[in-house]
Amino acid sequence: MEQMKILLVDDEERLLSTTKKLFEKLGIETRTATSGADALEVLTTYEAHVIFLDIKMPGMDGMETLQHIKKDYPLSEVIILTGHATMETAVEGLKLGALDYLIKPVSMKDFLGKAEEAFEKVTLQKKKIHSARMAESTGQGELR
């Protein structure tokens, strides 16, 4: 079975380093990025299943980054991180394709719970795609 891969995107270095260490202690491969542009660069070579994405960052904000991720990496699930939660922000993020959101400060239990939920969804999507491709290649996907 494929191992979960996480990308943490936040301009708070301390949050990144602490959370990355905790995920890695649990055996979860984790990368970090300090901006939206950095996150998109990391994703060119790293297939993250779950992306925790801060909304308020200098330069490209989280909403713009989210739009790029969902367009270019549709199988990755994004969970918004915000320290400035408003219903408008949450609704906008969900409309743009985020799976859910977490309000900072976030406990490791909440990080892990959301990561596992998102990874299950990614795994299920990949299985459906694989099954559809197998049916197509064997001719079982054709209507009779």
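Predicted model, so just to flag it, every value in this text is computed and none were measured.

Enquirer: How do you make sense of the pattern of salt bridges when you look at a structure like this?
Expert: Any two side chains of opposite charge can pair, so long as their charged atoms come close to each other. Scanning the entire structure with this criterion turns up eleven salt bridges. Residue E12 pairs with K104 through a salt bridge whose shortest N-O separation is 3.0 Å. Taken together, the residues E12 in the loop between β1 (5-9) and α1 (13-25) and K104 in the loop between β5 (100-103) and α5 (108-137) connect sequence positions 92 residues apart. A salt bridge links K114 to E117; the nearest nitrogen and oxygen atoms lie 3.7 Å apart. In this pair, K114 and E117 both sit in helix α5, three residues apart, roughly one turn of the helix.

Enquirer: Could you clarify how one ought to interpret the packing of α1 against α5 in this entry?
Expert: When two helices pack together, their arrangement is given by the angle between their axes and by how far apart the axes lie. At a minimum axis distance of 11 Å, the contact between α1 and α5 shows a crossing angle of 60 degrees. One finds that α1 runs oblique with respect to α5. Handedness of the crossing formed by α1 with α5: right-handed. Residue-level inspection shows T19, L22 and F23 of α1 in contact with α5, the latter providing M108, F111, L112 and A115.

Enquirer: Sorry if this is basic, but what is going on with the UniProt feature "modified residue: 4-aspartylphosphate" (unreviewed entry) in the protein here?
Expert: The feature "modified residue: 4-aspartylphosphate" (unreviewed entry), as given by UniProt, occupies D54 in the numbering adopted here. Considering the arrangement of structural elements, one finds D54 in strand β3 (residues 50-54). Overall, D54 belongs to the buried group, its relative accessible area being 3%. Those residues in contact with D54 that sit more than four places away from it in its chain are V9, D10, D11, G62, L81, T82 and K104.

Cut-off values and rules
Residues numbered from 1 in each chain as written. Predicted model: local features only at pLDDT ≥ 70, side-chain atom pairs only at ≥ 80, totals over all residues. Heavy atoms only, no water. Salt bridge = Lys/Arg side-chain N within 4 Å of Asp/Glu carboxyl O. Helix = DSSP H or I, 4+ residues; strand = E, 2+ residues; numbered from the N terminus. Axes fitted to C-alpha atoms, helices over the stretch in contact; angles between N-to-C directions. Parallel < 35°, antiparallel > 145°, perpendicular 65-115°, else oblique. Left-handed = near helix turned anticlockwise from the far one by under 90°. Contact = heavy atoms within 4.5 Å. UniProt positions renumbered as here; feature names shortened; annotations may be inferred. Buried < 20%, exposed > 50% of the residue type's maximum accessible area, 1.4 Å probe, protein only.

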